[in-house]
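Results of the structural survey
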Amino acid sequence: MVGLPTDFSMETNTQRLLHTFATLADLGQEIANTADFEEMLRNSFHLLLGSFAIRRGVVGEYDRERGELRLIASRGLAQSQDTSLPISSEHAREVASLGSALSLDDATKEAARFLEDHKESFAAVEIDLLLPLVVRDRLIGIVLLGEKATGEKFTEEDLEVVSALARHIGVGIHSHRLLEEVETKAEENRRLYDGLRAIYKETVHAFAAAIDIKDRYTQGHSVRVGKYSEIIAREMGWSDDAVEGIAIAGYLHDIGKLIVDLNVINSPERFNAKESKEMSRHPAAGYEILSPISHPYADIPLMARHHHERIDGNGYPDGLKGDEIPPGAKIVTLADSFDAMTTDRPYRKKLALRDVLEDFRANTGTQFAPEVVCAFCRAFLKEIEGTAKDQRLIKLLGKNYDNVESVSPLLSQLIADLDGGTMAATAH
Ligand SMILES: [Fe+2]
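Each value, and the rule that gives it
All residue numbers here refer to positions counted from 1 along the written sequence of the relevant chain. Selection of residues for local features in this predicted model requires a pLDDT of at least 70, selection of side-chain atom pairs for listing and counting requires 80 or more, and totals for whole chains, interfaces and linings are taken over all residues. Processing note: side-chain calculations cover all non-hydrogen atoms of the structure and skip hydrogens and water entirely. Counting from the N terminus, the helices are the DSSP runs of H or I reaching at least four residues and the strands are the DSSP runs of E reaching at least two. Between buried and exposed lies partly exposed: a residue is buried under 20% and exposed over 50% of the maximum accessible area for its type, with that area taken using a 1.4 Å probe on protein chains only. Residue contacts are defined here by distance: any two heavy atoms, one from each residue, within 4.5 Å place the two residues in contact. For the area figures, the Shrake-Rupley method with a 1.4 Å probe applies, and any residue is considered shielded solely by the protein chains shown. Coordination partners: N, O, S within 2.8 Å of the metal, 3.2 Å for Na, K and Ca; water not considered, so apparent gaps in a site are possible. Angular criteria define each label, namely tetrahedral for four donors with all angles between 85 and 135 degrees, square planar for four and octahedral for six donors with opposite donors over 155 degrees apart and remaining angles between 65 and 115, and irregular for whatever fails these tests. Paired strands, in this sense, are two strands between which DSSP finds at least two bridges. Definition used in this section: a nonpolar core is a set of buried Ala, Val, Leu, Ile, Met, Phe, Trp, Tyr and Cys residues joined via side-chain atoms within 4.5 Å. The salt bridge criterion pairs a side-chain nitrogen of Lys or Arg with a carboxyl oxygen of Asp or Glu, the two atoms within 4 Å. The aromatic pairing rule takes the rings of Phe, Tyr and Trp, using the six-membered ring of Trp, and pairs them if the centres are within 6.5 Å, calling planes under 30 degrees apart stacked, those over 60 edge-to-face and the rest tilted.

Let us look at the overall build of the protein. Secondary structure summary: the protein contains 16 helices and five strands in total. Among the 428 residues that make up the protein, the fraction classed as buried is 46%. Restricting the contact set of the protein to residue pairs at least 6 apart, pairs at least 24 apart contribute 64%. For the protein, the accessible surface area stands at approximately 21,600 Å², while carbon and sulfur atoms represent 52% of it.

The protein atoms that coordinate the iron ion are Asp254 (OD), His282 (NE2), His307 (NE2) and His308 (NE2), at distances of 2.2 to 2.3 Å. One way to put it: the four donor atoms around the iron ion meet at angles of 82 to 167°, and that makes the site irregular. Here the donor residues of the iron ion share one chain and are spaced in sequence as D-x27-H-x24-H-H. Of this pair, aspartate 254 sits in the loop between helix 7 (240-252) and helix 8 (262-265) while histidine 308 sits in the loop between helix 11 (300-305) and helix 12 (327-341); the two residues are 54 residues apart in sequence, bridging distant segments of the chain. By relative accessible area, which is 3% here, aspartate 254 ends up buried.

This part covers the environment of alanine 329. With respect to the helices and strands, the residue alanine 329 is situated in helix 12. Alanine 329 gets classed as buried once you look at its relative accessible area, which sits at 0%. Considered as a pair, alanine 329 and histidine 306 are 23 residues apart in the sequence and their alpha carbons are 5.6 Å apart. Setting aside anything within four residues of it in sequence, one finds alanine 329 in contact with Leu302, Met303, His306 and His307.

Attention now moves to the pairing of strand 4 (residues 129-135). Where burial is concerned, most of strand 4 is hidden: seven out of the seven residues are buried. The alternating pattern of strand 4 places Leu129, Leu131, Leu133 and Val135 on one face and Leu130, Pro132 and Val134 on the opposite face, and all of these are buried.

Following tyrosine 316, the chain continues into proline 317 via a peptide bond in cis, with omega recorded as 5°. Here aspartate 137, not a glycine, exhibits a phi torsion of approximately 65°, which is positive. Mapped onto the elements of the fold, aspartate 137 is located in the loop between strand 4 and strand 5 (138-145).

Inspection of the sheet shows strand 1 (residues 57-63) paired to strand 2 (residues 68-75) by seven bridges, in the antiparallel sense. Along strand 2, the bridge assignment pairs glycine 57 with arginine 75.

For the rest of this paragraph, the subject is the nonpolar core. The biggest cluster of nonpolar side chains holds 58 residues, and the ones touching the most others in it are Phe338, Phe360, Phe376 and Phe380. A per-element tally of this core places helix 14 (residues 370-385) first, with ten residues. The next biggest cluster of nonpolar side chains, apart from the first, holds 28 residues, and it includes Leu17, Val143, Phe154 and Ile169.

What follows is about the pattern of salt bridges. Within this structure, the stated rule accounts for 31 salt bridges. Close ionic contact of arginine 56 with glutamate 147 constitutes a salt bridge, the shortest N to O distance being 2.9 Å. Here arginine 56, found in the loop between helix 2 (34-51) and strand 1, pairs with glutamate 147, found in the loop between strand 5 and helix 5 (156-214); they are 91 residues apart in sequence, far enough to count as distant. A salt bridge links arginine 70 to glutamate 61; the shortest N-O distance between them is 3.0 Å. Here arginine 70 falls in the partly exposed class, since its relative accessible area comes to 29%. According to the relative accessible area criterion, glutamate 61 is buried, its value standing at 9%.

Once that is clear, we can look at the packing of aromatic side chains. Following the criterion strictly, the structure yields eight aromatic pairs and no others. Taking 5.0 Å as the distance between ring centres and 90° as the angle between the ring planes, the aromatic pair formed by tyrosine 228 and phenylalanine 338 counts as edge-to-face. Taken as a pair, tyrosine 228 in helix 6 (residues 221-235) and phenylalanine 338 in helix 12 lie far apart in primary sequence, 110 residues in all. Among the residues examined, tyrosine 228 registers a relative accessible area of 1% and is labelled buried. For phenylalanine 338, a relative accessible area of 1% gives the class buried. On the numbers, 6.2 Å between centres and 45° between planes, the contact of phenylalanine 338 with phenylalanine 360 is tilted. Highlighted residues: phenylalanine 338 in helix 12 and phenylalanine 360 in helix 13 (residues 353-363), separated in sequence by 22 residues.

Shown next as structure tokens:
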């Protein structure tokens, strides 16, 4: 019967369309990679042509800046070698204003107009329909469709279906370009951020040098404290970012000294009560200086503020106890003391390493945090035993210390005592 083949062909047609829609929906999944995306777009376009047995067609992406239509896929236009066609912004606006739900009449008229504008590229080529790809009122691209292989004319229904398929392609192109833009912006931001970080680090180094120049007895102190802090934090398993941050905190921990009376800082004697009071302003002053700055690392101002706190609460400026003290400040405290004890001061010579470690032992749990002392000793011992990557700590100590390895039994003992908890764990 006549009805049967028609039903059959309708069924086939519907299935083919469903398949095409499903493929086009996948466009959304493939938008990340440009090469894959364009390949997928070409396949989808050929499917669209196949669904209606259309012999020839073009899909192009509109490049607003260059004022051209870049051809992504075409079929049946072998004579045209062009990969892009000029299209004025005015023309693009007009086409976009027709929207994606245009009438058959408009689609036919626009196709004729487009052919007229690009005669050289489309000589002797029949194009029946032009479909603008429009997303949010902007022209994303254009689809041009030639006649059906059957020779039948396009109907309004055909146009509706083809337009719906084309809309998928338009949205796919749009999403892909948006993603590309976001990636470019993210890359730009990353570069900007890296640049800012570099500037920040250079500024911090300049400040560290300024702090150390003011205090002529402690040349290089801030930089060494930064580096000792870094070594300890790394041994404690801090992340790379946090380790970088604590190095910065070390460089800046004494920045508050910039506002302390120069005569007090450079006094060759031990401080009297008045001078001590003047000097003890520096952690809070440092906090005031550092807190308005937005640092790319956490807690820099707090680490400066609390680097003279003690675990037992007898430190300054806030008398914080145990875990009230930020972890980074506990590290800077030990690094600061280590450098103070291992460098000559106007009122005393540097201590022997054995005495430094005795001081650590005596003051762990009161002044110093046990976990920080323990990490310091572990890092030091690893360098002496040659199991560390490098000998940063030993190099920082300088040539003034011979026979560094002689303290390894002391280090081992201190680690064992701290790990075994035989030393006062106190407030921690
Ligand atoms: Fe200090």
